[in-house]
Amino acid sequence: SGIAFVGDAQLEDLNFHLVQMISYDDIFSEANQVFTNNILLIIFAFLFSCLLITSLVHQVSQPLHDLDSYVTAMEKQGLHPDSPCRLEDYVYYDRDDEIGHLAIHTEQSFLALQEMFSRQENLNQAYRTAEAKMLQAQINPHFLYNTLDSIVWMITGERYKEAVFMTTQLGSLFRVSLSRGKTIISIEDR
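Everything in this summary refers to the structure shown in the same document.

Reading guide: rules and limits
- Residues numbered from 1 in each chain as written.
- Predicted model: local features only at pLDDT ≥ 70, side-chain atom pairs only at ≥ 80, totals over all residues.
- Heavy atoms only, no water.
- Helix = DSSP H or I, 4+ residues; strand = E, 2+ residues; numbered from the N terminus.
- Buried < 20%, exposed > 50% of the residue type's maximum accessible area, 1.4 Å probe, protein only.
- Contact = heavy atoms within 4.5 Å.
- Areas by Shrake-Rupley, 256 points an atom, 1.4 Å probe, with all protein chains shown as cover.
- Core = buried A, V, L, I, M, F, W, Y, C linked by side-chain atoms within 4.5 Å.
- Phe/Tyr/Trp six-rings, centres within 6.5 Å; stacked < 30°, edge-to-face > 60°.
- Expected span 1.5 Å × (residues − 1).
- Patch = residues over 30% accessible without salt bridge, like charges linked within 9 Å, V, L, I, M, F, W, Y side chains within 5 Å.
- Salt bridge = Lys/Arg side-chain N within 4 Å of Asp/Glu carboxyl O.
- Pairing = 2+ DSSP bridges.

Looking now at the overall build of the chain. Of regular secondary structure, the chain possesses 3 helices and 2 strands. From first element to last, N terminus to C terminus, the chain shows the α and β order β-β-α-α-α. Evaluated residue by residue, the chain yields a buried proportion of 13% over its 190 residues. Sequence separation of at least 24 residues holds for 35% of the intrachain contacts in the chain that already meet a minimum separation of 6. Counting only carbon and sulfur atoms, one obtains 62% of the accessible surface of the chain, whose full area is about 16000 Å².

Shown next, in the form of structure tokens:
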């Protein structure tokens, strides 16, 4: 049982009739060996492809994950100009491609936002100071009029000690208020 290969050959005056028999067991054994080798090659190629794809996905996803960590840290810290969050502490990506550009532009956006918030805070402080000065400028004439009027009534009512005390306190108040815009005045200057 097998396959016979037949061939004719001639060597000078001699004619040969050649027959070679290959058993089915030998044929199937070689076919099984080729099949096993092909399966192993396919498995190796599949595993290599999976490893390569995993490596490529990690190269792309890790910087994005790190960038997400940076953005999360910035959200927790807030956009204060003295925030310790720096991009290089979270993301290491030295390629000049889309992910690298995304990381750089994210940091630049946060820096621009920090600067805008700082400017806004300075503007708000200047606005509050100007508003307080405007209110003070409006209140001072009314306060002075009312105080002087009260002193006149005290003198008219012969309450001289109270009038002297109120006049002294008014003088101290003016000395403090004329302190050339200082917001804190030492006890020594009082």
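Continuing now.
Another aspect to go through is the environment of Leu102. With respect to the helices and strands, Leu102 occurs in helix H2 (residues 98–156). Remark: the alpha-carbon pair of Leu102 and Leu64, spanning 38 residues in sequence, is separated by 9.1 Å. Filtering out sequence-adjacent residues up to four positions away, Leu102 remains in contact with Leu64 and Leu67.

Below, the discussion takes up the nonpolar core. Core analysis: the biggest nonpolar cluster contains 11 residues, these being Leu67, Tyr70, Ala73, Met74, Cys85, Leu87, Val91, Tyr93, Ile99, Ala103 and Phe110. For this core, the elements supplying multiple residues, two or more each, are helix H1 (24–77) and H2. For this core, the element with the highest residue contribution is H1, accounting for 4 residues.

Of note in this structure, Glu12 is not a glycine but carries a positive phi near 50°. On the secondary structure map, Glu12 appears in the loop between strand S1 (2–11) and strand S2 (14–23). Of note in the backbone geometry, Glu158 takes a positive phi value of approximately 60° without being a glycine. Looking at the secondary structure, you find Glu158 in the loop between H2 and helix H3 (160–177).

Let us look at the packing of aromatic side chains. The final tally for this structure, using the stated rule, is 4 aromatic pairs. Pairing Phe44 with Phe48 gives two aromatic rings, centres 6.5 Å apart and planes at 20°, and the pair type is stacked. Of the two residues, Phe44 and Phe48 are both situated in helix H1; the distance of 4 residues between them amounts to about one turn of the helix. The class of Phe44 is exposed, set by a relative accessible area of 56%. Ring centres of Tyr70 and Tyr90 lie 5.9 Å apart, and the angle between their planes is 55°; on these two criteria the pair is classed as tilted. Taken as a pair, Tyr70 in helix H1 and Tyr90 in the loop between H1 and H2 lie far apart in primary sequence, 20 residues in all. You can call Tyr70 buried: its relative accessible area is 2%. The class of Tyr90 is partly exposed, set by a relative accessible area of 32%. What links up through ring pairs into an aromatic cluster is the set Tyr70, Tyr90 and Phe110.

With 54 residues, H1 should reach 80 Å at 1.5 Å per residue; the first-to-last C-alpha distance of 77 Å fits that figure. For H1, the set of buried residues is Pro63, Asp66, Leu67, Tyr70, Ala73 and Met74. Two residues or fewer past H1, Gly78 is found with a positive phi of approximately 90°.

Inspection of the secondary structure puts Thr147 in helix H2. Looking at Thr147, the relative accessible area reads 10%, which means it is buried. Residue contacts for Thr147: discarding those within four places in its chain leaves Met166 and Leu170.

The next subject is a nonpolar patch on the surface. Together, Phe35, Ile39, Ile42, Ile43, Phe46 and Leu47 line one region of the surface with nonpolar side chains, adding up to about 620 Å² of accessible area. Note on placement: Phe35 falls in helix H1.

Below, the discussion takes up the pairing of S1. As defined by bridge partners, S1 adjoins S2 across 10 bridges and the pair is classed as antiparallel. Bridge assignment links Asp8 to a residue of S2, and that residue is His17. In this antiparallel pair of consecutive strands, S1 and S2, the connection spans 2 residues, and Glu12 shows a positive phi of 50°.

So yeah, pure geometry; function would need other evidence.
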